[in-house]
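Structural overview
One letter stands for each residue in the lines below.
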Amino acid sequence: MHKKRFLTGDRPTGPLHLGHYFGSLQNRVNLQNEGCEGFVIIADYQVITDRLETESIEKNILELTRDYLSVGIDPAQSTIFVQSKIPQIPELTVLFSMLVTIPQLERNPTIKEEVKAMGLKDKMSLGMLSYPVSQAADILLFAPDFIPVGIDQAPHIELTREIASRFNRQFASVFKVPEIMLSPQSRLLGLDGFQKMSKSRGNAVFLSDAPDVIREKLKKATTDSEPEIYFDEEKRPVVSNLLTLFSLTSQRTVDDLVQEFRTVGFKTFKEALGESIIEFLQPIQARRHDLSDKAIKKVIIEGTEKARAEAELLMQKAREAMHMGYTGIF
Ligand code: TRP
């Protein structure tokens, strides 16, 4: 039977944290363990859509791959590859850019959010406006069955589907129209308790944080002024978030945790949570420790080569469908 294929990816902007783990990485590993074939794109071109600091991209590509492998993404089942090293992606992006209108791109709510967040308003680059078109090429060149992503990516996947259908109707049926697979809305906030866990907000626990770093972070984690510890997302979002984090890392139910910790006070509770996180990350960090730079580079090189060969197959079909292979000349 044909193995189902998924494709997803990340921007190489820094180390991954627990929010990434419970929001998407865990799901990828599960899919892989259920026998799906994975394609994981490291979207380096997307990094420069909203910033032009490029010095650390290469290092981040290596570290992102290290994070992937340490959480259990297995290169024998999932192809990890670098976007900018697949020349078929920009080639197909050019062709796809004829199939979308500028107003269609300007309506994209995720782009609007990003522009707002970065204060870009009148300074939005063409690359920023059009990266969802390039993302369609990232996806469609590999004919995946589904795309596991968070809700923020939904407009991009919808555009991808529209582009695929439009191409298929206009020229020939070349592209598989993929389904979105929404990750369960991750409710994980950062240790400040107010915002999503994120590197830029300084409220994250990274997968690579050493035990002492984690202990320090937990000491400083925000709590609230009510002494008892119990779960109430509405009234006590900060404490409820810590309980969620505890539950996720210990595989114990929130009820069970509340039973044990209701009256112990925040200091003891946060110490226990810290130990739970440390223990949870232990096997991940052990694997990380065993990964040499050489091994990581090998995974990236081989994955990228495999992805390139795969992409060329569909690219050829796309050129042919558009009568732009020019095999009569070249
Ligand atoms: N836009 C995604 C993000 O910011 C990254 C990405 C690039 C992606 N290409 C993709 C995700 C293809 C899924 C499929 O996280």
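Remember, predicted model here, so these are calculated numbers, not experimental data.

Cut-offs applied
- Residues numbered from 1 in each chain as written.
- Predicted model: local features only at pLDDT ≥ 70, side-chain atom pairs only at ≥ 80, totals over all residues.
- Heavy atoms only, no water.
- Axes fitted to C-alpha atoms, helices over the stretch in contact; angles between N-to-C directions.
- Helix = DSSP H or I, 4+ residues; strand = E, 2+ residues; numbered from the N terminus.
- Parallel < 35°, antiparallel > 145°, perpendicular 65-115°, else oblique.
- Left-handed = near helix turned anticlockwise from the far one by under 90°.
- Contact = heavy atoms within 4.5 Å.
- Nonpolar A, V, L, I, M, F, W, Y, C, P; charged D, E, K, R; others polar.
- Patch = residues over 30% accessible without salt bridge, like charges linked within 9 Å, V, L, I, M, F, W, Y side chains within 5 Å.
- Areas by Shrake-Rupley, 256 points an atom, 1.4 Å probe, with all protein chains shown as cover.
- Salt bridge = Lys/Arg side-chain N within 4 Å of Asp/Glu carboxyl O.
- Buried < 20%, exposed > 50% of the residue type's maximum accessible area, 1.4 Å probe, protein only.
- Near = heavy atom within 4 Å.
- Polar contact = N/O pair within 3.5 Å; in protein donor to acceptor, adjacent residues only side chain to side chain.
- Pairing = 2+ DSSP bridges.
- Arc of directions from axis to C-beta.
- Core = buried A, V, L, I, M, F, W, Y, C linked by side-chain atoms within 4.5 Å.

**Concerning the packing of helix 4 (residues 88–96) against helix 13 (residues 293–321)**
Across the interface, helix 4 lies against helix 13 with an axial gap of 10 Å and an inter-helix angle of 25 degrees. The orientation of helix 4 with respect to helix 13, classified from their angle, is roughly parallel. Our pair here, helix 4 against helix 13, has a crossing hand that is left-handed. Between helix 4, through Q88, E91, L92 and L95, and helix 13, the contact on the second element is made entirely by R308, A311, E312, M315, A318 and R319. Here the residues of the contact of helix 4 with helix 13 are counted per class, giving 5 nonpolar, 1 polar and 4 charged.

**Quick look at a nonpolar patch on the surface**
Where nonpolar side chains cluster on the molecular surface, the patch consists of M324, Y326, I329 and F330 and spans about 510 Å² of accessible area. Positionally, M324 belongs in the segment after helix 13. Residue classification places M324 among the partly exposed positions, given a relative accessible area of 36%.

**Some details on the environment of G303**
If you trace the backbone, G303 turns up in helix 13. Take G303: its relative accessible area is 8%, and that puts it in the buried class. Taking the C-alpha atoms as reference points, G303 and P75, separated by 228 residues in sequence, lie 7.6 Å from one another.

**Quick word on the site of the ligand**
Neighbouring the ligand are 13 residues, the closest being R11, Q46, Q135, D138 and Q153. At 3.0 Å from a nitrogen atom of the ligand is found a side-chain nitrogen or oxygen belonging to Q135. In this structure, a nitrogen atom belonging to the ligand sits 2.9 Å away from a side-chain N or O atom of Q153. About the coverage of the ligand: the protein hides 90% of its 370 Å² of free accessible area. At the level of secondary structure, the elements contributing two or more residues to the shell around the ligand comprise strand 1 (5–10), helix 7 (126–140) and strand 4 (146–149). The class makeup of the residues in the shell around the ligand is 6 nonpolar, 5 polar and 2 charged.

**Things to note about the pairing of strand 5 (residues 179–182)**
When strand 4 meets strand 5, the two strands line up parallel, connected through 4 bridges. Its bridge partner being in strand 5, I147 is matched across the sheet by I180.

**With respect to the pattern of salt bridges**
Throughout the structure, instances matching the rule amount to 27 salt bridges. The partner of R11 in a salt bridge is D50, and the shortest N-O contact between them spans 4.0 Å. Taken together, the positions of R11 in the loop between strand 1 and helix 1 (18–33) and D50 in the loop between helix 2 (44–47) and helix 3 (57–71) put the pair 39 residues apart, joining distant regions of the chain. With a relative accessible area of 21%, R11 lands in the partly exposed category. Look at D50 and you get buried, because its relative accessible area is 14%.

**Observations regarding helix 11 (residues 254–261)**
Taken together, the buried positions of helix 11 are L257, V258 and F261. The buried residues of helix 11 occupy an angular sector of 100 degrees when projected down its axis, which confines them to one face. Among the exposed residues of helix 11, those pointing more than 90 degrees away from its buried face are D255 and Q259. Contact partners of the buried residues in helix 11: helix 10 (237–250) and helix 12 (266–290).

**Re the nonpolar core**
Counting 49 residues, the largest nonpolar core has L18, Y68, I277 and L281 as its most contacted members. Sort the elements by how many residues they give to this core and helix 12 lands first, with 8 residues. Not counting residues within four places of it along the chain, the set of residues in contact with Y68 comprises G9, D10, L16, L25, R28, V40, I41, I42, I73 and I80. A136, L140, V174 and M315 belong to the second largest nonpolar core, which has 36 residues in total.

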